[in-house]
Amino acid sequence: MLTVDNLKDLKGKKVYVRVDFNVPQKNGVIRDNNRIVAALPTIKKLLEGDSRLILMSHLGKIKWKEPDPAKIEEMKKANDMAPVAKALAELLPGVNVHFCPVTHGEELKKAVEELKDGEILLVQNTRYEKGEEKNNEELAKEWASLADVYVMDAFGSAHRAHASTVGVPTAMKAEGKPVALGYLMLKEVENLSRCVEPSEKDRPYVAVLGGFKVSDKIKVIDSLLKKCDKILIGGAMAYTFKKALGENVGSSPVEDDQLDYAKKCYEEAKGRLLLPIDSVVTNHFDETPDRDIKTVTGDIPDGYEGCDIGPKTAEMYKNELKKAHLVFWNGPMGVFEQKDFQAGTIAICEAIRAIKGEAFTVCGGGDSASAVKQFGYKDDFSHVSTGGGASLEMIENDGHLPGVDVLR
Ligand code: ADP
Ligand code: MG
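Residues numbered from 1 in each chain as written. Chains lettered and ligands numbered in written order. Predicted model: local features only at pLDDT ≥ 70, side-chain atom pairs only at ≥ 80, totals over all residues. Heavy atoms only, no water.

In the vicinity of ligand 1, 19 residues are found, and the nearest of them are Lys217, Asn330, Glu337, Asp367 and Ser368. The separation between an oxygen atom of ligand 1 and a polar main-chain atom of phenylalanine 212 is 3.3 Å. With respect to ligand 1, the side chain of serine 368 contributes an N or O atom lying 2.3 Å from an oxygen atom. Burial of ligand 1 by the protein chains amounts to 86% of its free accessible area of 580 Å². (Near = heavy atom within 4 Å. Polar contact = N/O pair within 3.5 Å; in protein donor to acceptor, adjacent residues only side chain to side chain. Areas by Shrake-Rupley, 256 points an atom, 1.4 Å probe, with all protein chains shown as cover.)

Let's shift gears to the sheet that holds strand E14 (residues 293-297). One open sheet holds the 3 strands; their spatial order is E14-E13-E15, and the pairing between them is antiparallel. Each having just a single partner strand, E14 and strand E15 (305-309) make up the two edges of the open sheet. Mean inter-strand twist for the sheet, computed between neighbouring axes without regard to direction, equals 40°. Judged from the 4 bridges that link them, strand E13 (residues 278-282) and E15 form a sheet pairing that is antiparallel. (Pairing = 2+ DSSP bridges. Helix = DSSP H or I, 4+ residues; strand = E, 2+ residues; numbered from the N terminus. Axes fitted to C-alpha atoms, helices over the stretch in contact; angles between N-to-C directions.)

This brings us to the packing of helix H8 (residues 214-227) against helix H9 (residues 237-244). Two numbers describe how H8 lies on H9: the axes approach to 10 Å, and their chain directions differ by 85°. Judged by the angle between their axes, H8 and H9 are roughly perpendicular. Contacts from Val214, Lys217 and Ile221 of H8 reach H9 at Met237, Thr240 and Phe241. When its residues are assigned to classes, the contact of H8 with H9 shows 4 nonpolar, 1 polar and 1 charged. (Parallel < 35°, antiparallel > 145°, perpendicular 65-115°, else oblique. Contact = heavy atoms within 4.5 Å. Nonpolar A, V, L, I, M, F, W, Y, C, P; charged D, E, K, R; others polar.)

Bringing the domain arrangement of the protein into the picture now. A common way to report how large an interface is uses the accessible area buried once the components associate. Here the domain parsing of the protein yields domain 1 (2-184) and domain 2 (191-396). Between the C-alpha centres of domain 1 and domain 2 the distance comes to 36 Å. Contact between domain 1 and domain 2 buries roughly 520 Å² in total, counting both sides, with carbon and sulfur atoms accounting for 68%. It is Phe155, His159 and Leu184 that lose the most area in domain 1 upon contact with domain 2, and together they represent 79% of the buried surface on that side. Each residue belonging to the side of domain 1 that touches domain 2 can be placed in one class, and the counts come to 2 nonpolar, 2 polar and 1 charged. (Domains from an automatic or database assignment. Buried area = accessible area lost by both parts, 1.4 Å probe.)

The next subject is the environment of glycine 389. Looking at where glycine 389 falls in the secondary structure, it is placed in helix H14 (residues 388-396). Through-space distance from the C-alpha of glycine 389 to that of glycine 156 is 7.2 Å; in sequence the pair is 233 residues apart.

This paragraph deals with helix H13 (residues 366-374). Residues three or four positions apart in an α-helix share a direction because the helix packs 3.6 residues into each turn. Listed as buried for H13 are Ser368, Ala369, Ala371 and Val372. The buried residues of H13 occupy one face: seen down the axis, they fall within an arc of 160°. Where H13 is buried, its residues meet strand E16 (326-330), helix H12 (343-354), strand E17 (360-363) and strand E18 (383-384). Of the residues trailing H13, glycine 376 is marked for its positive phi of about 85°. (Buried < 20%, exposed > 50% of the residue type's maximum accessible area, 1.4 Å probe, protein only. Arc of directions from axis to C-beta.)

Most of E13 sits out of view: 5 of its 5 residues are buried. Judged from the 5 bridges that link them, E13 and E14 form a sheet pairing that is antiparallel. Paired with serine 279 across the bridge in E14 is valine 296.

Note on strand geometry: in a regular strand, side chains alternate between the two faces of the sheet. Extensive coverage of strand E2 (residues 14-18) is indicated by the burial of 4 of its 5 residues. Relative to strand E5 (residues 52-56), E2 is paired through 5 bridges, and the arrangement is parallel. Along E5, the bridge assignment pairs valine 17 with leucine 55. Pairing of E2 with strand E8 (residues 149-152), which is carried by 4 bridges, proceeds in the parallel orientation.

What follows is about the sheet that holds strand E7 (residues 120-123). Ordered by their spatial adjacency, 7 strands build an open sheet running E1-E9-E8-E2-E5-E7-E6, and the pairing between neighbours is parallel. Where the open sheet ends on each side, the last strands, each with one partner, are strand E1 (2-3) and strand E6 (97-100). Bridging between E8 and strand E9 (residues 179-181) involves 3 bridges; their strand directions are parallel. Bridge pairing in E9 links tyrosine 150 to valine 179.

Attention shifts here to the nonpolar core. The biggest cluster of nonpolar side chains holds 67 residues, and the ones touching the most others in it are Trp143, Ile221, Leu224, Ile233, Phe241 and Phe328. Looking at this core, you find at least three residues from each of domain 1 (2-184) and domain 2 (191-396). Each residue touching tryptophan 143, except ones within four places of it in the same chain, is listed here: Tyr16, Met56, Thr103, Leu108, Thr126, Glu129, Glu132, Ala163, Ser164 and Val168. Formed by 29 residues, the second largest nonpolar core is a distinct cluster that contains Val19, Leu40, Leu122 and Ala180. (Core = buried A, V, L, I, M, F, W, Y, C linked by side-chain atoms within 4.5 Å.)

The next point concerns helix H1 (residues 34-48). If you check H1, its first and last C-alpha atoms are 22 Å apart, about what 15 residues at 1.5 Å a residue would give, namely 21 Å. Along its length, H1 reaches its greatest deviation from straightness, about 40°, at leucine 40, and the proline proline 41 lies no more than four positions downstream. The secondary structure elements touched by the buried residues of H1 are E2, E5, helix H3 (82-91), E7, E8 and helix H7 (183-196). Following H1 by one or two positions, aspartate 50 has its phi on the positive side, about 60°. (Expected span 1.5 Å × (residues − 1). Bend = angle between axes of the 7 residues up to and from the residue.)

With that settled, the discussion passes to the packing of helix H11 (residues 311-323) against H12. Helix-helix packing: each pair is described by the crossing angle between the helix axes and the interaxial distance. As a packed pair, H11 and H12 sit with axes 9 Å apart at the nearest point and diverge in direction by 25°. By the criterion of interaxial angle, the relationship of H11 to H12 is roughly parallel. Read as a crossing pair, H11 and H12 show a hand that is right-handed. Together, Ala314, Tyr317, Lys318 and Leu321 of H11 and Ala347, Ile348, Glu350 and Ala351 of H12 make up the contact between the two elements. (Left-handed = near helix turned anticlockwise from the far one by under 90°.)

Right under this line is the structure:
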């Protein structure tokens, strides 16, 4: 696969860069510009070559199934990319950043034609086009015709086969134009690939899996069972496993339609899949002042639900992580949004900190990554993925993502 470092003679060339500028924003106020900052190394590298950049990204959601056109217009307005262009310009002093308010037709073509060497054109939200999420071929061809080179740097969108992520590079490849990976993509793909194909020196390879639903994670569990030496289970999904093994889990969240799967998984793992031995439980999920919270070992009493792994489990998991040379973590150990149920997730963070420099540690998943950042452990990891769904899909599909495979 080509990377931005392999692209030569870019002067005057029009480069289409698929970035991930899907920033959290409301009414044009951007709450967190991390995603824009993350794309800067690739943007700067391409500008050094005096190319002309056409940046494309989606922003938020537009529900095209909505029958009322006025409501569609409202959704478009709420996800207007114009404020992002302003934020980008502020991060790149001295660079001309233009904004094209439309996503197709003569106005877009003209904006691209007027672009000068070393300038940037940020195009309106790709989801303004109904054909984007359907990977409409005509739309992809129109966008592909605008540029000479394709660069993919939107890791968070690489698991989606949309027009802007798969249709465009497909069309550009067919025209013999170069397609390449940006720096952000490269880093993500390299780091996650190591979790997909561990080498001998990566053993023991330990996965930590938590989060809400077993059913969301079946493919991840199956994939990790093939690769890992140990899988440490936490989060709500642990209770589906525990119930499947005949334990009483009180009113813990359980997916009854996954009990057979959980049992089969546990048996096939032959001791490699570890479950919590104690839990922090409550009789009231909502944070009422009079709710009862306690730690129980083994069975959970009726009327109580498990909201975090307990201290004995945390200790047991820490001991497993101490020995690890490679760690992949997805899914918080408990309801980390509530103070009373943060300890399990923090214990895993501490265990990762303790093996810093000795093991390669990766965290992937939307909520897990935000927990790691919230608790201040981001720098203790070798890699915290920027793509929630994309990082999981990469593990599930043995390293394959539509937005990456198309560049091979
Ligand atoms: P990720 O986004 O990292 O893949 P998930 O989306 O699968 O993780 O799970 C995160 C959610 O799981 C969090 O909102 C957290 O509150 C919830 N969760 C974790 N443990 C429990 C539990 N024991 N009971 C209820 N919810 C839980
Ligand atoms: Mg999540």
